[in-house]
Amino acid sequence: MTLTFLQRKPDSGLGNIRSSPSDPSRNIDWVLMTTLAALATIGCFVVYSASRTKQDDPFLYVTRQVVFLIGAVIAMVVVMAIDYEMLRERARFFYGVTIMMLVLVNIAGTVSGGARLSFDLGPLKLQPAEFAKATVLLALAAYLAEERSDEVSYPRFLGGLIMVGVPSALIIIQPDLGSASVMVAMAMGVLLVAGAKPKYIALITLMSVATVIAAVISGIVNRYQLRRIEAFFNQDSSDDTLRDFIYQPRNAVRAIATGGLTGKGWLEGPLTNAKNDIPVQWADFPFSAIGEQFGLLGCAVVLGLFTIMLLRIWRIAHLSKDMFGTYLCAGVFTMILWQVFQNVAMTLGIMPVTGLPMPFISYGGSSLVTFFTLLGLVQNVHMRRYR
């Protein structure tokens, strides 16, 4: 008599030994996925601890963050399921839609803090500048991958510069200097990997600085943002007109400093619990909440997770089967690195306050969906590296 379990064929699905090693479902980078899950979970706890005393409903923002997180996971899974070569073929379409959305938000967007950053859709606010990070990267990577050489030609460089420059200019007009700086950092990262000469990178740097100066002189950059920059260079000022701009970042630094090595404990941070000491802490200064409650060790854990994430993205860039995939990974790597640096640096008072969220940690649906989508692109490259 033959045992039936010996006759049973393996089921199909993830990890099936009958599947080809090139099957995308067998090539998910689970280290990267685990790191992403850890950061997103920490983000929910940080949003709750930093917002619970500021609203009548202590669960208002964390509930929304969880909903955003579910939507972000769905977006990532969809991106992972579609072969990135198909996304490459539609890159121009996505880019065109992005330009249209950026033009529309400058015309009919909701004004908040003197800037038109988003469309108000009732309980949700759609911020095109966030989604532009993914679509412009996709378009730039596809454009540069058309040229098969070890060095970017000058005409190709200028084309890429214009491709990034148009949405960046529309974002500056909003004005949103923080998001514009992420676009420029992304372009530099991709162009460097593509083999752009140092003088080309110097050119894009000078043009970016000149654009910001022109925006300031022309009055596009509003007085509120200029006061933020002025406050950064006068952090010890007693000027009453700068007091509100200095107060928030100063308390953010205090929160981290008083957290010490191990912190004051979960939900025990006085500055984090106070109603007005660090306004909008759950979106702009989540790192200060981590520092006060979990101390230097907590900050080190978060930065360590980001380091692991960046190393995995760097590894996937090297494993990519083509330059298009490598350029995608390079852009995601640069954007995450720059945005984490900028958020931590403004919390520590060594960079001006720009309002850039910390990826996967800060409250915000547009940012969360965008960065999950970017990680979906990276996973896409890794899953199809053998094909």
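Everything discussed here concerns the structure shown above.
Computed from a predicted structure; not experimentally measured.

**Structural notes on the overall build of the protein**
Item 1. Across its full length, the protein holds 16 helices and 3 strands.
Item 2. Computed over the C-alpha atoms, the radius of gyration of the protein is 22 Å, within 12% of the 21 Å expected from 2.2 N^0.38 for a compact globule of 387 residues.
Item 3. Along the first, second and third principal axes, the C-alpha set of the protein runs to 85 × 60 × 40 Å.
Item 4. Across the 387 residues in the protein, those meeting the buried criterion constitute 51%.
Item 5. A separation threshold of at least 6 residues defines the contact pool for the protein, and within that pool the share at least 24 residues apart is 72%.
Item 6. Accessible area of the protein: about 18,100 Å², with a carbon and sulfur share of 65%.
Item 7. With 31 positive and 25 negative side-chain charges, the protein shows a separation of 6 Å between the mean positions of the two kinds.

**Quick look at the pattern of salt bridges**
Item 1. Overall, the coordinates contain 7 salt bridges when judged by the stated rule.
Item 2. Across the pair arginine 315 and aspartate 29 runs a salt bridge whose closest N-O atoms are separated by 3.8 Å. Of the two residues, arginine 315 sits in helix 14 (residues 286–319) while aspartate 29 sits in the loop between helix 1 (4–7) and helix 2 (30–51), which places them 286 residues apart along the sequence.
Item 3. With a shortest N-O distance of 3.2 Å, glutamate 146 and arginine 156 are connected by a salt bridge. With glutamate 146 in the loop between helix 6 (128–145) and helix 7 (154–173) and arginine 156 in helix 7, this pair connects stretches of sequence that are 10 residues apart.
Item 4. Using a relative accessible area of 44% as the deciding quantity, one classes glutamate 146 as partly exposed.
Item 5. On the basis of relative accessible area, arginine 156 is assigned to the buried category, the value being 16%.
Item 6. Salt bridges linked by common partners bring Asp29, Arg312 and Arg315 together as one network.

**Digging into the packing of aromatic side chains**
Item 1. Considering all chains together, one arrives at 15 aromatic pairs under this definition.
Item 2. Pairing tyrosine 61 with tyrosine 363 gives two aromatic rings, centres 4.8 Å apart and planes at 90°, and the pair type is edge-to-face. Here the residue tyrosine 61 occupies a position in helix 3 (residues 60–81), and tyrosine 363 occupies one in the loop between helix 15 (323–347) and helix 16 (365–383), the gap between them amounting to 302 residues. Pair check on accessibility: tyrosine 61 and tyrosine 363 agree, each one buried.
Item 3. Three or more aromatic residues joined by ring pairs form one cluster here, namely Phe45, Tyr48, Phe59, Trp266 and Phe294.
Item 4. Over the face of the ring belonging to tyrosine 61 we find arginine 64, whose NZ or CZ atom lies 5.9 Å from the ring centre.
Item 5. The ring of tyrosine 143 has arginine 156 lying over it, and the distance from NZ or CZ to the ring centre is 4.4 Å.

**Some thoughts on the packing of helix 5 (residues 91–108) against helix 7**
Item 1. Relative orientation of the contacting elements helix 5 and helix 7 amounts to 20°, with a least axis distance of 9 Å. In terms of axis orientation, helix 5 runs roughly parallel to helix 7. The two elements helix 5 and helix 7 meet at a crossing, and its hand is left-handed. Touching Tyr95, Ile99, Leu102, Val103 and Asn106 of helix 5 are Ile162, Met163, Val166, Pro167, Leu170, Ile171 and Ile173, all from helix 7.

**Let's talk about the nonpolar core**
Item 1. Leu144, Phe306, Met309, Ile313, Ile336, Phe360 and Phe372 are the most contacted members of the largest nonpolar core, which has 99 residues in total.
Item 2. Take this core: its biggest share by element is 13 residues, from helix 6.

**Here we look at the sheet that holds strand 2 (residues 115–121)**
Item 1. Strands sit in the order 1-2-3 across an open sheet of 3 strands; the sheet is antiparallel. Looking at which strands have only one partner, the edges of the open sheet turn out to be strand 1 (110–112) and strand 3 (124–126). Pairwise comparison of adjacent strand axes, ignoring direction, gives a mean angle of 50° for this sheet.
Item 2. Where strand 2 and strand 3 come together, 3 bridges link them in antiparallel fashion. The partner of leucine 121 across the bridge, within strand 3, is leucine 124.

**Comments concerning the side chain of threonine 272**
Item 1. Take threonine 272: it is sitting in helix 12 (residues 270–273).
Item 2. Polar side-chain contacts of threonine 272 include one of 2.6 Å to the side chain of glutamate 292.
Item 3. Discounting residues that sit within four places of it in the chain, threonine 272 has contacts with Ser49, Ala50, Thr53, Lys54, Gln281, Ala289, Glu292 and Gln293.

**Re helix 11 (residues 243–259)**
Item 1. Taking 1.5 Å as the rise per residue, helix 11 with 17 residues should run 24 Å; its terminal C-alpha atoms sit 24 Å apart, in good agreement.
Item 2. Buried within helix 11 are the following residues: Ile246, Gln248, Pro249, Asn251, Ala252, Ala255, Ile256 and Gly259.

**Quick look at helix 14**
Item 1. Given a rise of 1.5 Å per residue, 34 residues ought to cover 50 Å, yet the end C-alpha atoms of helix 14 are separated by just 34 Å, more than 12% below that figure.
Item 2. At phenylalanine 294, helix 14 shows its strongest bend, of approximately 130°.

The rules we used
Residues numbered from 1 in each chain as written. Predicted model: local features only at pLDDT ≥ 70, side-chain atom pairs only at ≥ 80, totals over all residues. Heavy atoms only, no water. Helix = DSSP H or I, 4+ residues; strand = E, 2+ residues; numbered from the N terminus. Rg over C-alpha atoms; globule rule 2.2 N^0.38 Å. Buried < 20%, exposed > 50% of the residue type's maximum accessible area, 1.4 Å probe, protein only. Contact = heavy atoms within 4.5 Å. Areas by Shrake-Rupley, 256 points an atom, 1.4 Å probe, with all protein chains shown as cover. Lys, Arg positive; Asp, Glu negative; His and termini not counted. Charge placed at Lys NZ, Arg CZ, Asp CG, Glu CD. Salt bridge = Lys/Arg side-chain N within 4 Å of Asp/Glu carboxyl O. Phe/Tyr/Trp six-rings, centres within 6.5 Å; stacked < 30°, edge-to-face > 60°. Lys NZ or Arg CZ within 6 Å of the ring centre and 35° of its normal. Axes fitted to C-alpha atoms, helices over the stretch in contact; angles between N-to-C directions. Parallel < 35°, antiparallel > 145°, perpendicular 65-115°, else oblique. Left-handed = near helix turned anticlockwise from the far one by under 90°. Core = buried A, V, L, I, M, F, W, Y, C linked by side-chain atoms within 4.5 Å. Pairing = 2+ DSSP bridges. Polar contact = N/O pair within 3.5 Å; in protein donor to acceptor, adjacent residues only side chain to side chain. Expected span 1.5 Å × (residues − 1). Bend = angle between axes of the 7 residues up to and from the residue.

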